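Results of the structural survey
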Amino acid sequence: MVFIRDKKVKGHSYAYLVRNTWDDKNGRVKQEIVKYLGRSSKVALDDIPKDFQNDPNVVTFIACHSSDTQKMEITMKEEILELLIRNDTNSLINIFERYSQFFGLLRFYERLLAPVMYKVGELWEAGKLDVATEHVCSSAAHTLVRLINERTSRNSVANRKALRILICTPEGEYHSLGCMVIESFLRSKGYSVSNIAPSVPFDSIIAFANKFEPDLIMISITLADNIGATNKLVNRILASRISICAILVGGIGIESLSIKSENDKFKKVKFLKGTKLSGILSSIKEATKDRARASVKIKK
Ligand code: B12
């Protein structure tokens, strides 16, 4: 099996074609460099030895790193913005299918949909997009994620032993697309997810969590003003009988906050500043590793 390793040196990425081979002497897989390929953004199929040109790892690497792909993404973002404004969800789902067959769902959300929504916010703030059109964009984006979920849920069924994750926003927080995107991504990875965003009263969140019995609760905040409501919610969850591994708090609303070091009562609460969708899985694994270990022990 071959793959391309990306190495960053002084801000530039350089690529190496690497092969996994079996080392009989040490009884394990070892990696050997087949060829140095130069700047990652300039790697072309012709640089790859013939035997490896059809390897899926190679093809995906070239597609993801080529400067042509970056140009294509800029054009796609412009197209998505236009289609959101026109509320053309059929064409939006076509773009998703075209893009995700090569680059996947995660990259579609991270590199296309979220940046376009941030652009919508900037245009609205600058008075270049009226409130009604901003609402249309938001509603079209929600419909798009729903359609994506219909398509991806056919391919991924939640495993009965999967971790149970509850996603919510504090009372007063009406931004819900971030939660939908996280839900969609986690479902595609086989997690059992309940997303009750946006803005649910504290008592209802606690009552729901008592029934759903989540392993983990994720709270999303977009407006920094909602940190007070989030603290109340966190305190209520910690005071309840809900047995969770952790509460993860994230979203653009916590970016400007200075977060004090944890005291014992809050050791289950993690504020994840700047955590992108691609970083969420490792945060979840880290926060739930004790539960994962416990279930392995039970199985034994
Ligand atoms: C759509 C939108 C709305 C819609 C929301 C509809 C809905 N049902 O969601 C409506 C029209 C209702 C709205 C209302 C308002 N909005 Co608004 N809105 C937006 C907009 C344009 C897009 C939001 C979005 O969908 N983003 C895309 C998603 C995918 O990204 P995300 O939420 O950041 O989530 C990602 C990450 O942050 C992370 N993440 C999120 N949660 C969590 C949680 C955890 C645990 C982790 C690990 C990670 C994580 O993962 C997500 C996926 O990648 C933003 C622009 C922006 N910059 O976000 C403004 C924006 C957020 N809104 C803003 C404002 C001011 C408002 C209003 C106050 C306007 C008003 N005067 O009424 C109200 C407040 C409503 C309220 N009380 O909540 C400002 C906030 C400014 C600030 N710094 O506080 C923004 C930034 C616009 C701007 N440029 O000024 N808004």
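Residues numbered from 1 in each chain as written. Predicted model: local features only at pLDDT ≥ 70, side-chain atom pairs only at ≥ 80, totals over all residues. Heavy atoms only, no water.

1. Comments concerning the sheet that holds strand S3 (residues 28–39)
Inclusion rule: In short, DSSP must find at least two bridges between two strands for them to pair. In this text, helices come from DSSP runs of H or I with a minimum length of four residues, and strands from runs of E with a minimum of two, each type numbered from the N-terminal end. Fitted lines through C-alpha atoms give the axes, limited to the stretch in contact for helices. The angle between two N-to-C directions lies from 0 to 180 degrees. For this analysis, residues touch if any pair of their heavy atoms sits within 4.5 Å.
Strand order in the open sheet formed by three strands is S1-S2-S3, and the pairing between neighbours is antiparallel. The open sheet has two edge strands, strand S1 (2–9) and S3, and neither has a second partner. Strand-to-strand twist of the sheet, defined as the mean angle between neighbouring strand axes without regard to direction, takes the value 35°. Note that strand S2 (residues 12–23) and S3 share ten bridges and pair antiparallel. The residue of S3 that forms the bridge with Thr21 is Lys30. The strands touched by helix H1 (residues 56–65) within the sheet are S1 and S2, with S1 carrying the most contacts at an inclination of about 35°.

2. Quick notes on the site of the ligand
Selection criterion: When we say a residue is near a molecule or strand, we mean one of its heavy atoms is within 4 Å of it. The term polar contact refers here to a pair of N or O atoms within 3.5 Å; inside protein, the definition further demands a hydrogen-donor-capable atom paired with an acceptor-capable atom, and it admits residues adjacent in sequence only when both atoms are side-chain atoms. The classification used treats Ala, Val, Leu, Ile, Met, Phe, Trp, Tyr, Cys and Pro as nonpolar, Asp, Glu, Lys and Arg as charged, and all other residues, Gly among them, as polar. Note that domain bounds follow an automatic or database assignment of domains.
The environment of the ligand is made up of 30 residues, and the closest members are Tyr118, Tyr174, His175, Ser176 and Ser220. Taking Glu125, its side chain carries an N or O atom lying 3.3 Å from a nitrogen atom of the ligand. Contact between the ligand and Ser220: a nitrogen atom at 2.7 Å from a side-chain N or O atom of the residue. Among the elements of the structure, helix H3 (89–125), helix H4 (131–155), helix H5 (177–188), strand S6 (216–220) and strand S7 (246–250) are those that each provide at least two residues to the shell around the ligand. The dominant element in the shell around the ligand, judged by the number of residues it contributes, is H3, at five residues. Looking at the shell around the ligand, its residues break down into 15 nonpolar, twelve polar and three charged. Each of two domains, domain 2 (68–155) and domain 3 (164–299), supplies a minimum of three residues to the shell around the ligand.

3. Re the sheet that holds strand S5 (residues 192–195)
If you walk across this open sheet you meet the five strands as S5-S4-S6-S7-S8, and the pairing is parallel. Edge positions in the open sheet fall to S5 and strand S8 (269–271), since each of these has one partner strand only. Each neighbouring strand pair of the sheet contributes to a mean axis angle of 20°, computed without reference to strand direction. As paired strands, S7 and S8 are joined by three bridges and run parallel to one another. Bridging across to S8, Val249 finds its partner in Phe271. Packed onto the sheet, H5 meets strand S4 (164–168), S5 and S6 and runs at close to 165° relative to S5. Sheet contacts for helix H7 (residues 227–239): S4, S6, S7 and S8; angle to S6, the most-contacted strand, approximately 165°.

4. Some thoughts on the domain arrangement of the chain
We apply this condition: By definition, the buried area sums, over both parts, the 1.4 Å-probe accessible area that each loses when the two are put together. Salt bridges, as used here, are contacts in which a Lys or Arg side-chain nitrogen is within 4 Å of a carboxyl oxygen on Asp or Glu.
Partitioning the chain into domains gives domain 1 (2–65), domain 2 (68–155) and domain 3 (164–299). Between the C-alpha centres of domain 1 and domain 2 there is a distance of 32 Å. Taken residue by residue, the interface counts five residues in domain 1 and five residues in domain 2. The junction of domain 1 with domain 2 conceals about 350 Å² of combined surface from both sides, 47% of it contributed by carbon and sulfur atoms. When residues of domain 1 are sorted by the area they lose upon contact with domain 2, Ala63, Cys64 and His65 head the list and together hold 86% of the total. Viewed at the interface, domain 2 and domain 1 are joined by zero salt bridges. Connecting domain 1 to domain 2 are zero residue pairs in polar contact (both at pLDDT 80 or more).

5. Some thoughts on the environment of Pro115
Topologically, Pro115 is positioned in helix H3. Excluding its chain neighbours within four sequence positions, the residues that come into contact with Pro115 are Lys77, Tyr109 and Glu110.

6. Considerations on the side chain of Thr69
Using the following cut-off: Accessibility here uses a 1.4 Å probe with only protein chains present; expressed as a share of the type maximum, an area under 20% marks a residue as buried, one over 50% as exposed, and anything in between as partly exposed.
One can find Thr69 in helix H2 (residues 67–85). For Thr69, a relative accessible area of 7% translates into the label buried.

7. Observations concerning the side chain of Thr288
Tracing the backbone through its elements, the reader meets Thr288 in the loop between helix H8 (277–287) and helix H9 (289–299). Of the residues examined, Thr288 reaches a relative accessible area of 3% and is grouped as buried. From its side chain, Thr288 meets the backbone oxygen of Ile284 in a polar contact 2.7 Å long. Ignoring sequence-local partners within four residues, the contact set of Thr288 consists of Leu163, Leu216 and Cys245.

8. Overview of H2
Rule in force here: Expected span, for any helix, means 1.5 Å times one less than how many residues it has. To be clear, the arc concerns the directions from the helix axis to the C-beta atoms.
With 19 residues, H2 extends 28 Å between its outermost C-alpha atoms, agreeing within 8% with the 27 Å of an ideal straight helix rising 1.5 Å per residue. Within the span of H2, buried status applies to Thr69, Glu73, Met76, Ile80, Leu81, Leu83 and Leu84. Projection of H2 onto a plane perpendicular to its axis shows the buried side chains occupying an angular sector of 165°, all on one side. Opposite the packed face of H2, turned more than 90 degrees from it, sit the exposed residues Asp68, Lys71, Ile74 and Glu78. At the C-terminal side of H2, Asn87 shows a positive phi close to 55°.

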